[in-house]
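# Per-entry structural report
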Amino acid sequence: MAATGEGVTIYEVGPRDGLQNEPESVATADKVELLGRLASAGLERVEATSFVSPKWIPQLADADALAAELPPGPTYSALVPNQRGYERFRRTPIPVAAFFVSASETHNRRNVNRSVVDHLEAFRPVAERIRADGIGLRAYVSTVCGCPYEGDVPVRTVVEVVRQLQLLGADEISLGDTIGVGTPRQVRELVRTLAAEAPLGRIALHLHDTYGRALANVAAAYEEGVRTFDASLGGLGGCPYAPGASGNVATEDVVDLFETQGIPTGVELDTLVDASAWLEEQVLRRPLPGRVYRARRGARERAS
Ligand code: HMG
Ligand code: MG
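Our subject in this report is the structure included herewith.

### Here we look at the coordination of the magnesium ion (ligand 2)
In this structure, Asp17 (OD), His206 (NE2) and His208 (NE2) serve as the protein donors to the magnesium ion (ligand 2), at separations of 2.1 to 2.3 Å. Summarised as a motif, the one-chain spacing of the donors to the magnesium ion (ligand 2) is D-x188-H-x1-H. Of this pair, Asp17 sits in helix α1 (residues 14-18) while His208 sits in the loop between β7 (203-207) and α9 (214-223), and the two are 191 residues apart along the sequence. Each member of the pair, Asp17 together with His208, is buried.

See below:
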């Protein structure tokens with residue numbers, strides 16, 4: 001990984017992707033504290049919550065209340081799946097709405113109860129309103145490296161969904177390896193193919209770490225020109241409608257990888273480790289899996 005002097009953007013998704021997957025809902029006050037700690041660590045992009053159906057994701061049912069208490073600093077986003085979600089979102093100060101759709105049909109149906117085409121079509125007028133309202137639009141494509149129900153997902157299917165999202169006016173498209181099955185070779189091929197469709201400055205990578213390949217995939221995508229990487233503090237996360245999916249690549253691991261290669265992230269690792277330690281001990285009361293987080297905590301404990 002040759003440093004170019006140019007930094008990378010770490011897009012923190014733990015408060016949304018992480019907490020949507022916890023067995024117990026976290027108290028709104030603890031979410032506010034978590035967001036404050038992430039802001040203090042220097043994270044500039046943070047996905048705070050989701051305006052999805054509370055029947056589907058009860059863990060984030062407090063999105064409306066949380067949005068009224070966002071600590072200053074980061075540019076926040078929140079998931080918005082449909083018109084109803086946008087009506088809720090529009091009453092908040094959050095500047096970026098994040099739509100999501102899968103490359104594979106079965107995952108999309110399990111996740112949003114619609115076919116890919118119907119989901120995209122239903123979102124078209126919402127996207128128009130988002131643009132007219134001057135709100136930013138991030139869009140996720142899930143299952144880009146494989147689907148928990150269908151297995152392999154052809155690159156051309158991902159390309160087609162990316163095209164549709166561009167037509168909806170997405171400012172940024174985040175490619176989701178929902179179940180963490182991608183390999184560096186596959187990620188390179190995907191990024192190279194997509195570079196012909198969309199400027200790489202608009203492409204982010206959203207990797208879950210089920211097979212422990214996420215960090216290798218981050219490095220491969222960086223070498224191909226991607227500069228925005230989604231990550232989750234301590235390695236929290238998963239998709240409740242993707243069985244077997246584990247957490248996102250840990251933010252600490254991505255920050256450590258880039259900073260040790262001389263590539264700036266703008267994130268203070270110690271503050272982030274403090275945030276993960278607080279979340280682990282005071283809120284979730286279970287160990288978080290992130291490797292650099294665990295290593296740093298172990299080193300601190302041995303030194304004290
Ligand atoms: P549905 O049941 O088909 O919805 O769900 P519906 O349109 O038929 O509405 C049914 C009821 O839900 C109605 O209420 C609606 O008002 C209400 P009722 O009349 O019965 O009282 N409703 C809502 N309420 C609040 N907020 C809303 C909303 N929409 C409808 N936005 C729906 C369709 C899309 C809503 C549902 O399937 C859903 O919420 N799915 C979300 C699933 C989800 O959040 N998954 C995880 C996030 S995606 C992810 O993790 C992947 C990602 O990280 C990338 C990667 O890793 O690949 C992004
Ligand atoms: Mg995810």
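Continuing now.
### Some points on helix α6 (residues 116-132)
One full turn of an α-helix is made of 3.6 residues, so residues set three or four places apart face in the same direction. Between its first and last C-alpha, α6 extends 24 Å over 17 residues, near the 24 Å set by a 1.5 Å rise per residue. At Arg124, α6 shows its largest kink, close to 40°, and the proline Pro125 lies no more than four residues downstream. Restricting attention to buried positions, one finds in α6 the residues Val116, His119, Leu120, Phe123, Val126, Ala127 and Ile130. Lining the buried residues of α6 we find α4 (83-90), β4 (96-102), α5 (105-112), β5 (136-142) and α7 (155-167). Directly beyond the C-terminal end of α6, a positive phi value near 75° is found at Gly134.

### Examining the side chain of Glu280
Mapped onto the secondary structure, Glu280 falls in helix α11 (residues 269-284). Overall, the relative accessible area of 9% leaves Glu280 in the buried class. Side chain to side chain, Glu280 and Arg294 meet in a polar contact 3.0 Å long. Ignoring any residue separated from it by four or fewer positions in sequence, one finds Glu280 in contact with Arg285, Arg286, Pro287, Leu288, Tyr293, Arg294 and Arg297.

### Quick notes on the environment of Arg202
In this structure, Arg202 sits in the loop between α8 (184-195) and β7. Residues Arg202 and Ala245 lie 43 residues apart in sequence; the distance between their C-alpha atoms is 26 Å. Excluding anything up to four places from it in sequence, Arg202 contacts Gln166, Ala170, Asp171, Glu172 and Ile173.

### Things to note about the packing of aromatic side chains
Within this structure, the stated rule accounts for five aromatic pairs. On the basis of an interplanar angle of 25° and a centroid distance of 5.7 Å, the ring pair of Tyr86 and Phe89 is categorised as stacked. Linking Tyr86 with Phe89, this pair stays in helix α4, spanning three residues, or about one helical turn. Phe89 shares its class with Tyr86; the two are buried. A network of ring pairs unites the aromatic residues Phe51, Tyr86 and Phe89 as a single cluster. Directly above the aromatic system of Tyr140 lies the positively charged group of Arg16, at a separation of 5.4 Å from the ring centroid. In this structure, Arg138 packs its charged tip against the face of Tyr11, placed 3.5 Å from the ring centre.

Reading the values: the criteria
Residues numbered from 1 in each chain as written. Chains lettered and ligands numbered in written order. Predicted model: local features only at pLDDT ≥ 70, side-chain atom pairs only at ≥ 80, totals over all residues. Heavy atoms only, no water. Donors = N, O, S within 2.8 Å, 3.2 Å for Na, K, Ca; no water. Helix = DSSP H or I, 4+ residues; strand = E, 2+ residues; numbered from the N terminus. Buried < 20%, exposed > 50% of the residue type's maximum accessible area, 1.4 Å probe, protein only. Expected span 1.5 Å × (residues − 1). Bend = angle between axes of the 7 residues up to and from the residue. Contact = heavy atoms within 4.5 Å. Polar contact = N/O pair within 3.5 Å; in protein donor to acceptor, adjacent residues only side chain to side chain. Phe/Tyr/Trp six-rings, centres within 6.5 Å; stacked < 30°, edge-to-face > 60°. Lys NZ or Arg CZ within 6 Å of the ring centre and 35° of its normal.

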